[in-house]
Amino acid sequence: MVIENLIKGIETKKIIGPVQNDIIDIQIDSRGVKKQSLFAALRGTQVDGHQYINQAIKQGAVAILCEDLPEQKNKDITYIQVPHSEAALGILASTFYDNPSSKLKLVGVTGTNGKTTVATILYKTFKKLGYKAGLLSTVCNYIDDEALETTHTTPDAVTINKLLHDMVLRGCDYAFMEVSSHAIDQKRISGLKFAGGIFTNLTRDHLDYHKTIANYIKAKKEFFDNLPKNAFSLVNLDDKNGMVMVQNTKSAIHTYSLRSLCDFKARVIESHFNGMILEINNTDVVVQFTGKFNVYNLLAVYGTACLLGQKADEVLIAISTLKSVSGRFETLQAPKGYTVIVDYAHTPDALTNVLTTIHDILDGKGKVITVVGAGGNRDKGKRPLMAKESIKNSDTVIITSDNPRFEDPQEIIKDMLDGLNTEEKQNVLTIENRRDAIKTACMLAKTNDVILIAGKGHETYQNIQGVKHHFDDKEEVRNIFQTQQI
Ligand SMILES: CC(=O)N[C@H]1[C@@H](OP(=O)(O)OP(=O)(O)OC[C@H]2O[C@@H](n3ccc(=O)[nH]c3=O)[C@H](O)[C@@H]2O)O[C@H](CO)[C@@H](O)[C@@H]1O[C@H](C)C(=O)N[C@@H](C)C(=O)N[C@H](CCC(=O)O)C(=O)O
Ligand SMILES: Nc1ncnc2c1ncn2[C@@H]1O[C@H](COP(=O)(O)OP(=O)(O)OP(=O)(O)O)[C@@H](O)[C@H]1O
Ligand SMILES: N[C@H](CCC[C@H](N)C(=O)O)C(=O)O
Ligand SMILES: [Mg+2]
């Protein structure tokens, strides 16, 4: 695309150099720059991308998007100076890929917990309803039926637009994506045209990055602030920040709730480990999901599908055929008669929700053993709270490792233990090796007991010192079941 056309939609401070050059690629990392790339210099959280401008030019970049112009300029290169590189990049990427988000109905899901679940069920529901659809999520990206590996909950602006463009080429009508607070803050979604936005809930997480809850709320709210007038926003009325999110939105506001007057409401009629009977807007439906938190997730899906013009009855039929999302309250039945639940709960609130659900169903007929760790190089403040919530709702807790990354696993375990008093510690074991921790839980469990293995869900690795070693909670459990056959 000719640079002159590419930059039409962005606010520029200065343009130096030829604007008739063609660029064939946009790169945010100098290491990926090829001949005729445009290199976007981003400020970054670790290093300043402006440092790599010369490196990018050496590798063949013909255009540079930047906030500060380098002192020494190359006359063959086009320098596009903008007030904010990240915000401009989103618009450039949209233009470069021919505005894919305006050619399909794009819905974004934000909130601390439930984004993957809601986005994935939406994708599956619309596939069931006969549409071609795409998905951008923590677990997997989909271009209609084609599954692609994912590295982020919300990728960078160039990747998002490339994937949406592929969806358009593949004839997709709908796209569903998770919108993380990091992505909003870093303007990864700048320039996207959303048909709707969903808010699930807001509890403590990612304070390593946002520093304060107020900043975290502000980041989430920015998504709704920027939704256009013809979009809808769908918020969880039972979350105290639900209405805060839409205070300044231009979009049409809709609500869902289990407690208050709203547009989309539900009630739990019956609940088991393998599913529930619900009443959604006065219609009974059997679903293969468990837990009150999943009632919220299903309501968000139902509301969104209705707001996108689907028939309510058909949506409920589609939802009733769907199974739990990988690593989200996945139930495995042991030959010895106990139940294992593998779940991605990695915040204090998610742990409380999952454990409350387990107790509601167990109804005192068995014991609960929780295996849990906390991630390294992530919000430290949530560690003691995760331990506290776990022990409050379990008979035994085994504290272990979960992606220590560049931290010492024993230090992370220590941070978790710091949340417990002497009495609570009596029912806690610490086993750093996650495989041994799971084995121990399976040895301790008796008929009717429930083991919750929390924090990794779908993940198939343990990240130690930046190296991902294969590790899969579900695989570990199945191997143990083999040895426990009766
Ligand atoms: C902390 C964080 O969010 N970092 C993200 C951010 O990178 P950064 O700002 O830290 O990048 P940097 O290392 O400072 O480099 C600055 C710039 O220089 C460039 N560079 C760097 C080195 C070089 O040799 N050449 C070069 O050009 C980099 O490509 C970058 O453009 O922007 C990058 C591009 O979009 C992201 O890949 C990167 O995600 C890192 C890998 C990450 O782990 N992010 C996590 C925390 C994250 O984003 N998580 C959320 C989900 C959280 C949740 O579960 O809710 C997500 O959306 O995935
Ligand atoms: N609506 C909800 N409310 C509270 N907790 C939930 C909800 N939905 C799911 N959870 C819990 O949170 C965990 C993570 O769910 P999910 O992966 O859908 O969230 P996410 O927002 O995508 O997380 P991430 O920020 O890591 O992408 C689940 O395994 C479950 O324990
Ligand atoms: N996507 C989230 C969840 C990670 C879950 C847990 N397994 C961990 O590694 O902390 C994050 O990056 O904070
Ligand atoms: Mg997710």
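About the cut-offs
Residues numbered from 1 in each chain as written. Chains lettered and ligands numbered in written order. Predicted model: local features only at pLDDT ≥ 70, side-chain atom pairs only at ≥ 80, totals over all residues. Heavy atoms only, no water. Near = heavy atom within 4 Å. Polar contact = N/O pair within 3.5 Å; in protein donor to acceptor, adjacent residues only side chain to side chain. Areas by Shrake-Rupley, 256 points an atom, 1.4 Å probe, with all protein chains shown as cover. Nonpolar A, V, L, I, M, F, W, Y, C, P; charged D, E, K, R; others polar. Donors = N, O, S within 2.8 Å, 3.2 Å for Na, K, Ca; no water. Helix = DSSP H or I, 4+ residues; strand = E, 2+ residues; numbered from the N terminus. Buried < 20%, exposed > 50% of the residue type's maximum accessible area, 1.4 Å probe, protein only. Arc of directions from axis to C-beta. Contact = heavy atoms within 4.5 Å. Pairing = 2+ DSSP bridges. Axes fitted to C-alpha atoms, helices over the stretch in contact; angles between N-to-C directions. Domains from an automatic or database assignment.

Colleague: Quick rundown of the site of ligand 3? Include the residues and the values.
Modeller: Near ligand 3, the surroundings consist of His206, Tyr344, His346, Gly375, Arg378, Asp402, Asn403, Arg405, Gly455 and Glu459. Asp402 is positioned with one of its side-chain polar atoms (N or O) 2.8 Å from a nitrogen atom of ligand 3. The separation between a nitrogen atom of ligand 3 and a polar main-chain atom of Gly455 is 2.8 Å. Burial of ligand 3 by the protein chains amounts to 88% of its free accessible area of 350 Å². Grouping the constituent residues of the shell around ligand 3 by class yields one nonpolar, five polar and four charged.

Colleague: I'd like to hear about the site of ligand 2, residue by residue, with values.
Modeller: With respect to spatial proximity, 21 residues lie near ligand 2, and among them Thr116, Thr117, Asn297, Arg328 and Asp343 are the closest. Between Phe293 and ligand 2, the recorded distance is 3.4 Å, taken from a backbone N or O atom to a nitrogen atom. Asn353 has a polar side-chain atom sitting 3.3 Å from a nitrogen atom of ligand 2. In the complex, the protein chains occlude 96% of the 630 Å² of accessible area that ligand 2 would expose alone.

Colleague: Requested: an account of the coordination of the magnesium ion (ligand 4), with residues and values cited.
Modeller: Protein-derived ligands of the magnesium ion (ligand 4) are Thr116 (OG1), Thr138 (OG1) and Glu178 (OE), with the metal-ligand distances lying across 2.1 to 2.2 Å. Written as a sequence motif, the donor arrangement for the magnesium ion (ligand 4) is T-x21-T-x39-E. One end of the pair, Thr138, is in the loop between β7 (133-136) and β8 (141-143); the other, Glu178, is in strand β10 (residues 174-178), and 40 residues separate them in sequence. Residue class for Thr138 comes out buried when judged on its relative accessible area of 17%.

Colleague: I'd like a rundown of helix α17 (residues 473-483), residues and numbers included.
Modeller: Note: α-helices contain 3.6 residues per turn, so residues at a spacing of three or four share the same orientation. Residues of α17 that are buried: Asp473, Lys474, Glu476, Val477, Ile480 and Phe481. Down the axis of α17, the buried set is contained in an arc of 160 degrees. They therefore lie on one face. What points out from α17, more than 90 degrees from its buried face, is the exposed set Gln482 and Thr483. Lining the buried residues of α17 we find β17 (330-333), β18 (339-343), α16 (434-444) and β22 (450-454). For α17, the capping residue at the N-terminal end is Asp472, with a side-chain oxygen 3.0 Å from the backbone nitrogen of Lys474.

Colleague: Please set out the sheet that holds strand β2 (residues 25-27) residue by residue, giving values where relevant.
Modeller: Taken together, five strands build an open sheet; the order of strands is β1-β5-β4-β3-β2 and the sheet is mixed. Each edge of the open sheet is held by one strand with a lone partner, namely β1 (14-16) and β2. In this sheet, neighbouring strand axes are inclined to one another by 15 degrees on average, regardless of whether the strands run parallel or antiparallel. The pairing of β2 with strand β3 (residues 37-40) spans three bridges and is parallel.

Colleague: Which residues make up the domain arrangement of the chain, and what values do they have?
Modeller: Here the domain parsing of the chain yields domain 1 (3-96), domain 2 (100-320) and domain 3 (330-483). The distance between the C-alpha centroids of domain 1 and domain 3 comes to 45 Å.

Colleague: So what's going on with the sheet that holds β17? Which residues, and what values?
Modeller: On the basis of which strands lie adjacent, the open sheet formed by six strands has the order β17-β18-β22-β19-β20-β21 and mixed pairing. If you trace the sheet from one side to the other, it starts and ends with β17 and β21 (428-430), each paired once. Each strand axis lies, on average, 20 degrees off the axis of its neighbour in the sheet, ignoring direction. Here helix α12 (residues 348-362) sits on the sheet and contacts β18, β19 (368-372) and β22; the angle it forms with β22, its principal contact strand, is near 165 degrees.

Colleague: Run through unusual backbone geometry, naming residues and quoting values.
Modeller: The phi dihedral of Asp363 falls on the positive side, at around 50 degrees, and the residue is not glycine. Inspection of the secondary structure assignment puts Asp363 in the loop between α12 and β19.

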